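One-letter residues, chain by chain:
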Amino acid sequence: MRVRLGVLLSGRGSNFLAILNHIRKGRLQASIACVVSDTDSAPGLQAARQAGIPAFFVDPAGRKRGEFEEEMVACLAGQGAQVVCLAGFMRILGKRFLAAFPGRIINIHPSLLPAFPGLHAQRQALDYGVRYAGCTVHLVDAGVDSGPVLAQAVVPVLPDDTEDSLSNRILEMEHDTYWRAIRDFTENKEFA
Ligand code: GRF
């Protein structure tokens, strides 16, 4: 059985598109049940519509977090999503959402966690002066970028790196790491 992935994103969606590409190339035995975004103008949401994938904007404005999360869960459950992949989703998930997909929410972060959680991880790495950076795929818990690690990949930090050049090198690695982590996490598992 192909696992049905629900993707949450807030922005450009390059990780979502990389996962989709690997599915379409037959490397990842999965399907994307739907894409859900908290940002109406997210390019990733538009890309999902163009790819023919059910895409939902859930408006967080002026609502309690639980209510907003309930609507996201309803979208995902309505499309039969079994595992949730965060791909540039810029919100911390609360109890309501975590309880709906226990142990089945995955995130990718552009640093070698536990180093540099939170925003601007690449800038944090440059400011600190580390020689190696990278990305981490991990299970999501109630903390910020803090759940168990599923996969990591390393890239060097070069002497003349800018935040952009380092971010691009890491992003390329993210695109090759996320789908493998999803494959390893989902294979040989039954999801109801
Ligand atoms: C990526 O760097 C990811 O690690 C982080 O947010 C960024 C999303 O980029 N969580 P994209 O929208 O997938 O292009």
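Placed above this text is the structure.
In every chain, residue numbers begin from 1 and rise along the written sequence. With the structure being a predicted model, the display of local features is reserved for residues of pLDDT at least 70 and the display and counting of side-chain atom pairs for 80 or more, all residues being used for whole-chain, interface and lining totals. To obtain the side-chain values, all non-hydrogen atoms of the structure were used and water was disregarded.

Visitor: I would appreciate a short explanation of the pattern of salt bridges in the present structure.
Guide: Side chains that carry opposite charge are capable of pairing whenever their charged atoms lie near each other. By definition, a salt bridge exists where a carboxyl oxygen of Asp or Glu is found within 4 Å of a side-chain nitrogen of Lys or Arg. In total, this model carries nine salt bridges according to the counting rule given. Between Glu163 and Arg123 there is a salt bridge, with the nearest N and O atoms lying 3.1 Å from each other. With a gap of 40 residues between them, Glu163 in helix α6 (residues 163–186) and Arg123 in helix α5 (residues 121–128) connect regions that are remote in the sequence. Three exposure classes are used, based on accessible area relative to the maximum for each residue type with a 1.4 Å probe and protein chains only: buried under 20%, partly exposed in between, and exposed over 50%. Residue Arg123 is classed as partly exposed on the basis of its relative accessible area of 36%. A salt bridge links Arg183 to Asp184; its shortest N-O distance comes to 3.1 Å. To qualify as a helix, a DSSP run of H or I must reach at least 4 residues; to qualify as a strand, a run of E must reach at least 2; elements of each kind are numbered from the N terminus.

Visitor: What exactly am I supposed to notice about the sheet that holds strand β1 (residues 3–9) here?
Guide: Strand pairing in a sheet is mediated by backbone hydrogen bonds. Such pairs are either parallel or antiparallel. One open sheet holds the seven strands; their spatial order is β3-β2-β1-β4-β5-β6-β7, and the pairing between them is mixed. Sheet topology places β3 (55–57) and β7 (149–156) at the edges, where each strand pairs with a single neighbour. Neighbour to neighbour, the strand axes of the sheet diverge by 20° on average, direction disregarded. Criterion used throughout: strands pair if DSSP finds at least two bridges between them. As paired strands, β1 and strand β4 (residues 83–86) are joined by four bridges and run parallel to one another. By the bridge assignment for β4, Gly6 is matched with Val84. Two residues form a contact once any of their heavy atoms are found within 4.5 Å. Interaxial angle, 0 to 180 degrees, is taken between N-to-C directions of lines fitted to C-alpha atoms, where a helix line uses only the stretch in contact. Lying over the sheet, helix α1 (residues 14–24) contacts β1, β2 (30–37) and β5 (105–109), oriented at roughly 160° with respect to β2. Against the sheet, helix α3 (residues 65–78) touches β1, β2, β3 and β4, its axis set at about 155° to β2.

Visitor: Just checking my understanding: could you explain helix α2 (residues 43–50) for this structure?
Guide: In an α-helix, one turn spans 3.6 residues; hence positions three or four apart end up facing the same way. Of all the residues in α2, the buried ones are Gly44, Leu45, Ala47 and Ala48. Seen from one end, α2 has its buried residues packed into an arc of 160°, which puts them on one side. Looking at the buried side of α2, the elements it contacts are β1, α1, β2 and β3. By arc we mean the arc of the directions from the helix axis to the C-beta atoms, nothing more.

Visitor: What am I meant to see in the site of the ligand here?
Guide: Around the ligand, a shell composed of Arg12, Gly13, Ser14, Asn15, Gly88, Ile108, His109, Pro110 and Glu174 is seen. In this structure, Arg12 approaches the ligand through a side-chain N or O atom, which is 2.5 Å from an oxygen atom. In the environment of the ligand, an oxygen atom lies 2.8 Å from a nitrogen or oxygen atom belonging to the backbone of Gly13. Computed over the protein atoms alone on a 1 Å grid, cavities are sets of points where a 1.4 Å probe fits but cannot get out and pockets are open sets with protein on both sides within 12 Å along at least five of seven lines; a residue lines them when it has an atom within 4 Å of a point. Grid points define the cavity or pocket, and a molecule sits in it when more than half of its atoms lie within 2 Å of them. Using a 2 Å cut-off from the grid points, one finds that the ligand occupies the largest pocket. Those elements that provide at least two residues to the shell around the ligand are α1 and β5. Of the residues contributing to the shell around the ligand, the split by class is two nonpolar, five polar and two charged. Summary of the distance rule: residues count as near a molecule or strand when at least one heavy atom falls within 4 Å of that molecule or strand. For the purposes of these results, a polar contact is taken to be a pair of N or O atoms within 3.5 Å, where, inside protein, one atom must be able to donate a hydrogen and its partner to accept one; residues adjacent in sequence count only when each atom of the pair is a side-chain atom. For this scheme, ten residues count as nonpolar: Ala, Val, Leu, Ile, Met, Phe, Trp, Tyr, Cys and Pro. Four count as charged, namely Asp, Glu, Lys and Arg, and the remainder, Gly too, count as polar.

Visitor: What is the right way to look at unusual backbone geometry in this model?
Guide: What is expected of a backbone is that most residues other than glycine have negative phi and most peptide bonds are trans. Note that the residue after Leu113, namely Pro114, is joined by a cis bond; omega there is 15°. The phi dihedral of Phe116 is positive, around 60°, even though this residue is not glycine. Along the chain, Phe116 turns up in the loop between β5 and α5.

Visitor: Please explain the packing of α5 against α6 as it appears in this structure.
Guide: For any two helices packed against each other, one specifies the inter-axial angle together with the distance between the axes. Packing of α5 against α6 brings their axes to within 9 Å, and their N-to-C directions diverge by 120°. Taken together, the axes of α5 and α6 are oblique relative to one another. Where α5 crosses over α6, the two elements pack in a sense that is right-handed. In this structure, α5 contributes Gln122, Arg123 and Leu126 to the contact, and α6 contributes Glu163, Leu166, Ser167 and Ile170. Note that the term roughly parallel is reserved for angles under 35 degrees, roughly antiparallel for angles over 145, roughly perpendicular for angles of 65 to 115, and oblique for everything else. Throughout, a crossing is termed right-handed when the near helix is turned clockwise from the far one, and left-handed when it is turned anticlockwise from it by less than a right angle.

Limitation: the analysis is restricted to geometry and does not speak to function.
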